[in-house]
Structures are given as structure tokens and as C-alpha cells.
Amino acid sequence: MDNTEFKTTKGLLDNSPNATGRYIAHIAVPCRDLEEAARWYAEVLGAQPVRILKDRVTFSFGGVLQLVCHLERRAVVPNPRAYPRHHGLTFLRMGDFSRLKDHIEKLGVKFLVRPAVRFANSAYEHQTFMVVDPSGNVVEFKCYIRPECSY
């Protein structure tokens, strides 16, 4: 298995290396099947597989997160829940968030948490949704109306 086997869905995430900042975040999650994880994160979410080893796949997830799916064959969460554990991205532009949401809806991916507005009419108002990867890891996407309030 190599990086050329997966066609990252273009236009969803900017996976350019983050050379201007000082940090990128790193998250590791278990997965039951590396090829399944690589295909799902690349084709459904637009993440770019950058390194595929026998026991893990490393992705550029929006250029700001190094997401590593580690092989753990028993890694299926039977009834995934939104809280307390999930990972994902906070978009700074509503257009980018909407493009990904529309893509996921078009693919027919089931939402764990349907698209919704949280904290309406407050400084922390944002749109959000959650999906579940094939191993049961919950992935959240959100976009704040006021990006400066996203921390």
C-alpha cells in the first residue's frame, strides 16, 4: 500500500504543509484496517495520506493537524458517542465548512450529530456536525461565526 493508491478528494481541505506557523497538532487514533482508514479519510474527508507504514497511516489533516491512524484490529467502537472523546477541525471560513458538509451529505455519510447551530446569538455561536470513521472514531467539524472566538 502506498500514497498513490488513494485519491484525496480535492477542494475540501488545504493539506499544504504549514511552514509559516510554529506548530501543528498531532492526534493518534486506533483503526481496524489501514487501507480502509486511508481511503475513508482521503476520499470522504479530503485528508492527505503522507506516510503509510505497516502499522499506521499518517495524514495531513487540513495542513494543521498530523492525524495518525494506528493499526489495532480490535479498534471498532460498537456504539460511538460524541462525548467525551472525538477529534476534528475547526474551520475559519464558513465557505470551507459548508463545502465539506455538502460533500458529506452528497456521499450519504451518516451523521452522528446532524448539522446544527450551537450557542446561537452568543459570541461562541458556531455550526457543527459529527461523523464516525469506519473504526468508530468520532470526527467533529465546526465553524464559528466569529473566528476569533474559536479558542
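Structure first, text after, so check above.
Residues numbered from 1 in each chain as written. Predicted model: local features only at pLDDT ≥ 70, side-chain atom pairs only at ≥ 80, totals over all residues. Heavy atoms only, no water.

As a further point, take the nonpolar core. Tyr41, Leu45, Phe61, Val131 and Phe141 are the most contacted members of the largest nonpolar core, which has 31 residues in total. Every element with two or more residues in this core is listed here: strand S1 (25–31), helix H1 (34–43), strand S3 (56–61), strand S4 (65–71), strand S5 (87–91), helix H2 (94–107), strand S7 (126–132) and strand S8 (138–144). Top contributing element to this core by residue count: H1, with five residues. Aside from chain neighbours lying at most four places away, what touches Val131 is Trp40, Ile104, Val109, Lys110, Phe111, Leu112, Asn137, Val138, Val139 and Phe141. (Core = buried A, V, L, I, M, F, W, Y, C linked by side-chain atoms within 4.5 Å. Buried < 20%, exposed > 50% of the residue type's maximum accessible area, 1.4 Å probe, protein only. Helix = DSSP H or I, 4+ residues; strand = E, 2+ residues; numbered from the N terminus. Contact = heavy atoms within 4.5 Å.)

Under the counting rule described, the total for this entry stands at 10 salt bridges. Across the salt bridge formed by Glu43 and Arg39, the nearest N and O atoms sit 3.2 Å from each other. Within this pair, Glu43 and its partner Arg39 are both found in helix H1, separated by four residues, close to a single helical turn. Several salt bridges share partner residues, and in doing so they unite Glu35, Arg39 and Glu43 into one network. (Salt bridge = Lys/Arg side-chain N within 4 Å of Asp/Glu carboxyl O.)

Attention now goes to the environment of His87. Position of His87 among the secondary structure elements: in strand S5. Residue His87 is classed as buried on the basis of its relative accessible area, which comes to 5%. Put simply, His87 and Glu35 are 52 residues apart on the chain and 20 Å apart in space, counted from C-alpha to C-alpha. At 3.5 Å, the side chain of His87 and the side chain of Tyr41 are in polar contact. (Polar contact = N/O pair within 3.5 Å; in protein donor to acceptor, adjacent residues only side chain to side chain.)

Quick look at the side chain of Asp133 now. Mapping Asp133 onto the fold places it in the loop between S7 and S8. Buried Asp133, no salt bridge; nearest opposite-charge side chain is Arg32, N-O distance 7.6 Å. Here the side chain of Asp133 touches Ser135 through a polar contact of 2.9 Å, landing on its backbone nitrogen. There is a polar contact of 2.8 Å between the side chain of Asp133 and the backbone nitrogen of Asn137. Leave out the neighbours within four places in its chain, and Asp133 touches Trp40 and Tyr41. (Lys, Arg positive; Asp, Glu negative; His and termini not counted.)

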